[in-house]
Amino acid sequence: MSPHIKRLAAPDFWPILKKKNKWAVSPSPGPHAIEYSIPLAVILREILGYASNLKEVKIILSKKYVKRDGKTITDYKFPLGFMDTLELAKDQFAYRLLPYKGKPLVCAKIPKEEASLKICKVIGKRTINGGKIQLNLHDGRNTIFDAQDKDKVHINDSLLITLPDQEIKDVLKFQEGNFCLIYRGVNAGSYGILRKINLVVPKKNSIIEIEDDKGNVVRTNINYAIPIGYEKPLIKLIQNDEDYVIPAIYKKIYMRGYHGE
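What comes next is a walk through the structure. (Residues numbered from 1 in each chain as written. Predicted model: local features only at pLDDT ≥ 70, side-chain atom pairs only at ≥ 80, totals over all residues. Heavy atoms only, no water.)

### Brief notes about the overall build of the chain
So, step 1. Along the backbone of the chain there are 3 helices and 19 strands.
So, step 2. Structurally, the chain occupies a C-alpha span of about 60 × 45 × 35 Å along its principal axes.
So, step 3. Among the 261 residues that make up the chain, the fraction classed as buried is 46%.
So, step 4. Considering only contacts within the chain whose residues lie at least 6 apart along the sequence, 49% involve residues at least 24 apart.
So, step 5. Entry remark: accessible area of the chain is about 13,800 Å², with carbon and sulfur atoms responsible for 50%.
So, step 6. Here the chain contributes 43 positive and 29 negative side-chain charges, whose respective centroids are spaced 8 Å apart. (Helix = DSSP H or I, 4+ residues; strand = E, 2+ residues; numbered from the N terminus. Buried < 20%, exposed > 50% of the residue type's maximum accessible area, 1.4 Å probe, protein only. Contact = heavy atoms within 4.5 Å. Areas by Shrake-Rupley, 256 points an atom, 1.4 Å probe, with all protein chains shown as cover. Lys, Arg positive; Asp, Glu negative; His and termini not counted. Charge placed at Lys NZ, Arg CZ, Asp CG, Glu CD.)

Encoded structure:
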């Protein structure tokens, strides 16, 4: 990956001024691809507004004030993606990266106690040495199951785990009647009960139908949804604009315009 990225080429959901400077922070290689992640520096500076420049970001990280999924991180380029949790010293909230109104990632406000939980989608499954089963999760994690438990978890199911020890608390099946969240595509941020799975060959092209609390049915690709509960979600979701952080950079633009600067 190139060490630099032009602002004009950065993903559209990054809240950065495209024409203010030429270059943007390029994410380090990590658990999430560049098109589905936001560099930590952008979150601290443009979204949360805890720093006004990259120098201040580095100072904050050097003091070990920031944790991702319960572990301290000091790399300002670290890519944060879907379902990642972020904790900052002395902040009354914790944050989770979630989709909202078609945007794949925004910073949702969550209670501090919920930062120790995370739901990960199973995107791969294979047999390894000793006949054990290795599950590959969407955020780069791997977990091992005994051979006799191979039928308990399938691809597209999800795991409710604790952070940072990765203890599996529950297995959420991708089946009709469970609560699902759409996290990619034009319907990112929509959620509700999974009503129908229209399987085709190959399975990756299958279409599912999700019904929200207003009775509206949303159709999307099977790979764009994740089970996050049974009759209701096991984590806090974004229900309105007050549940997520409006990027600080947008507020600054508004205030400059408001004062006629």
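Next comes the rest of the description.
### Focus on helix H2 (residues 54-62)
So, step 1. The complete set of buried residues in H2 reads Val-57, Ile-60 and Leu-61. Down the axis of H2, the sector holding all buried residues measures 95°, keeping them to one side. Exposed and facing more than 90 degrees away from the buried side of H2 are Lys-55 and Ser-62.
So, step 2. Between the side-chain oxygen at the start of H2 and the backbone nitrogen of Lys-55 there is a gap of 3.2 Å, and the oxygen is on Asn-53. (Arc of directions from axis to C-beta. Polar contact = N/O pair within 3.5 Å; in protein donor to acceptor, adjacent residues only side chain to side chain.)

### Some thoughts on the packing of aromatic side chains
So, step 1. Tallied over the full model, the rule gives 3 aromatic pairs.
So, step 2. Note on Phe-82 and Tyr-183: the rings are 4.4 Å apart at their centroids and 10° apart in plane angle, and the pair reads as stacked. Of this pair, Phe-82 sits in the loop between strand E6 (79-81) and strand E7 (85-88) while Tyr-183 sits in the loop between strand E15 (179-182) and strand E16 (191-198), and the two are 101 residues apart along the sequence. Across the pair, Tyr-183 and Phe-82 agree in class, each one buried.
So, step 3. Above the plane of the ring of Phe-93 lies Lys-109, whose end atom (NZ or CZ) is 5.4 Å from the centre. (Phe/Tyr/Trp six-rings, centres within 6.5 Å; stacked < 30°, edge-to-face > 60°. Lys NZ or Arg CZ within 6 Å of the ring centre and 35° of its normal.)

### With respect to the nonpolar core
So, step 1. Among the nonpolar cores identified, the biggest contains 49 residues, and Ile-38, Ile-43, Leu-48, Val-66 and Leu-86 are the most heavily contacted of them.
So, step 2. Among the elements of the structure, helix H1 (40-47), H2, E7, strand E8 (94-100), strand E9 (103-110), E15 and strand E19 (225-229) are those that each provide at least two residues to this core.
So, step 3. Ranked by residues supplied to this core, first place goes to H1 with 6 residues.
So, step 4. Among all residues touching Ile-43, those that are not within four sequence positions of it are Ile-38, Leu-48, Gly-49, Leu-80, Leu-86, Leu-97 and Cys-107.
So, step 5. Within the second largest apolar cluster, 10 residues are counted, among which are Cys-120, Val-122, Leu-135 and Leu-137. (Core = buried A, V, L, I, M, F, W, Y, C linked by side-chain atoms within 4.5 Å.)

### Comments concerning the sheet that holds E16
So, step 1. Pairing is antiparallel across the open sheet formed by 5 strands, whose spatial order is E18-E17-E16-E15-E19. Two strands lie at the open edges of the sheet, namely strand E18 (217-221) and E19, each paired on one side alone. Strand after strand, the sheet turns through a mean of 50° between neighbouring axes, direction not considered.
So, step 2. Relative to E16, E15 runs antiparallel, the two being bridged by 3 bridges. Its bridge partner being in E16, Phe-179 is matched across the sheet by Ile-193. (Pairing = 2+ DSSP bridges. Axes fitted to C-alpha atoms, helices over the stretch in contact; angles between N-to-C directions.)

### Re the environment of Gly-102
So, step 1. For Gly-102, the position within the fold is in the loop between E8 and E9.
So, step 2. Gly-102 sits in the partly exposed class, given a relative accessible area of 29%.
So, step 3. The sequence separation of Gly-102 and Ala-188 amounts to 86 residues, and the corresponding C-alpha distance is 4.5 Å.
So, step 4. Not counting residues up to four positions away in its chain, the partners in contact with Gly-102 are Gly-185, Val-186 and Ala-188.

### Considering the side chain of Asp-243
So, step 1. Along the polypeptide, Asp-243 turns up in the loop between E19 and helix H3 (248-258).
So, step 2. Asp-243 has contacts with Ala-108, Lys-109, Lys-236, Leu-237 and Ile-238, leaving out every residue within four places of it along the chain.

### Observations concerning the state of the cysteines
Disulfide: a covalent bond connecting the sulfur atoms of a pair of cysteines.
So, step 1. Summed over the entire model, instances satisfying the criterion amount to 0 disulfides.
So, step 2. Note on Cys-120: no disulfide assigned, nearest cysteine sulfur contributed by Cys-180 at a separation of 15 Å.
So, step 3. On the basis of relative accessibility, which here comes to 0%, the residue Cys-180 falls in the buried class. (Disulfide = S-S within 2.5 Å.)

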